[in-house]
Amino acid sequence: FTLLSYNTLCQHYATPKMYRYTPSWALSWDYRRDKLKEQIISYQADVVCLQEVECKTFEDFWAPFLQKHGYTGVFHAKTRARTMQSKDSKKVDGCCVFYKNSEFKLVFKDAVDFSSVWMKHKKFQRTEDYLNRAMNKDNVALFVKLQHLKTNEQIWVTTTHLHWDPQFNDVKTFQVGVLLDYMEKLLRDQNGVGNNQEMKKVPLVICGDFNSQLDSAVYELFSCGTVRRHKDVEGRDFGYMSQKSFAHNLTLKSSYDTIGELPFTNFSATFTDVIDYIWYSSQALRVRGVLGEIDPNYVSKFIGFPNDKFPSDHIPLLTRFEFTKGSGGSRKV
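Parameters and conventions
Residues numbered from 1 in each chain as written. Predicted model: local features only at pLDDT ≥ 70, side-chain atom pairs only at ≥ 80, totals over all residues. Heavy atoms only, no water. 1 Å grid on protein atoms, 1.4 Å probe; cavity = no way out; pocket = protein on both sides within 12 Å on 5 of 7 lines; lining within 4 Å. Points joined across faces, edges and corners; volume = space filled by probe spheres on them. Nonpolar A, V, L, I, M, F, W, Y, C, P; charged D, E, K, R; others polar. Helix = DSSP H or I, 4+ residues; strand = E, 2+ residues; numbered from the N terminus. Pairing = 2+ DSSP bridges. Axes fitted to C-alpha atoms, helices over the stretch in contact; angles between N-to-C directions. Contact = heavy atoms within 4.5 Å. Phe/Tyr/Trp six-rings, centres within 6.5 Å; stacked < 30°, edge-to-face > 60°. Buried < 20%, exposed > 50% of the residue type's maximum accessible area, 1.4 Å probe, protein only.

Quick word on the layout of surface pockets
Space inside the largest pocket adds up to approximately 960 Å³. Lining the largest pocket are 36 residues, with Met 18, Glu 52, Trp 164, Asn 211 and Asp 313 sitting closest to its centre. When grouped by side-chain class, the residues that make up the lining of the largest pocket number 11 nonpolar, 14 polar and 11 charged. In this model, the second largest pocket occupies a volume close to 330 Å³. Ranked by residues supplied to the lining of the second largest pocket, first place goes to helix α7 (residues 169-191) with six residues. In terms of residue class, the lining of the second largest pocket is made up of six nonpolar, three polar and eight charged.

Looking at the sheet that holds strand β8 (residues 204-209)
With mixed pairing, six strands are arranged side by side in an open sheet as β5-β6-β7-β8-β12-β9. For this open sheet the edge positions go to β5 (104-113) and β9 (252-254), each flanked by a neighbour on one side alone. The sheet shows a mean angle of 20° between the axes of neighbouring strands, taken without regard to direction. Lying on the sheet, helix α9 (residues 217-224) is in contact with β8, β9 and β12 (276-281); it crosses β12 at an angle near 15°.

Brief notes about unusual backbone geometry
Each neighbour pair has its own omega, and for Phe 305 with Pro 306 the value is 5°, a cis peptide bond. Look at Glu 52: it is not a glycine, yet its phi comes out positive at around 60°. Examined against the element boundaries, Glu 52 turns out to sit in strand β2 (residues 47-54).

Quick look at the sheet that holds β2
An order of β3-β4-β2-β1-β14-β13 is seen for the six strands of this open sheet, with the pairing classed as mixed. This sheet does not close on itself; its edge strands, each paired only once, are β3 (71-77) and β13 (285-290). Neighbour-to-neighbour, the strand axes of this sheet turn through a mean angle of 25°, independent of strand direction. Against the sheet, helix α2 (residues 29-43) touches β1 (2-7), β2 and β14 (317-323), its axis set at about 160° to β1. Of the strands in this sheet, β2, β3 and β4 (93-100) touch helix α3 (residues 55-68), which is tilted by about 155° from β2.

Examining the packing of aromatic side chains
For the coordinates displayed, the defined rule picks out 30 aromatic pairs. Note on Phe 1 and Phe 321: the rings are 5.6 Å apart at their centroids and 35° apart in plane angle, and the pair reads as tilted. Here Phe 321 lies in strand β14 and Phe 1 lies in the segment before β1, a separation of 320 residues in the sequence. One aromatic cluster is present, formed by Trp 118, Phe 124, Tyr 130, Phe 174, Phe 238 and Tyr 240 through successive ring pairs.

Comments concerning the pairing of β14
For β14, the buried fraction is high: five of the seven residues fall into the buried class. The pairing of β1 with β14 spans four bridges and is antiparallel. Looking at β14, one finds that Leu 3 is bridged to Thr 319. Strand direction decides the pairing type here: β13 and β14, joined by five bridges, are antiparallel. Note on β14: the bridge partner recorded for Gly 289 is Arg 320.

What follows is the structure, given as structure tokens:
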């Protein structure tokens, strides 16, 4: 099956002040929306994960449009939407997952905002860093468990969009710690996973905009399973989460690691780097292909995206996966 992850650049962030290098007609939502539509449909992905989608845009545009193309979608807005009046709350952005009805059916769905789910955790401690730095961030993660109709395999797909500010890399690490802790809880509750070895064998994909570069604590936490010593979290205290070095029991790899990460996933005048990823459980899935980089020659002609061909400042990531179970065990790609 194929999976697409894409930060589509929410219309209320796409201001002429932010993207001075983009002609106003190419920045307009009507133009970008049509381009996004073309782009997303052209990939024909079995699972589509989008970030920075306004609530209203999901309801009025993406859900009906993708439904016509055989997809069903699930959406979760950032936390602040719940405290607003309904007209304003419709403008809040969030994450969504669409799946092709001919390939998958939905078994279970859940969503969390990192701050409040952690406050309910039995090991939660009110540390100063949590209260002053993490608590007021309203980032969310969306979890769906899908059944693959052809193989009967079940797979978890999670998408998220972490806090953006580089001054808060500790908070991003904390958010991923919470996400992975919650993922493990779902595997125990929903899959009846008893031990850590079983946990590693459950097919899962965690994708999105992590606002974290290759040298970040977030990347280290995903790929190494723990953060030992890192400048991003040095001197910060998130209670139990810090005490356990943010550790988790999943074996995760970046799907682009098979070819080497791309030169960038976000391209703008002030920032160009890799911050979007598709992570997968390497004991249960293998990568059969990825969508490669954009022609460097083409990129060299621009200060940044969006432009008339690329409707977001992020580029889409696409991976083709295969279940390793029942296919003679795992082998290296």
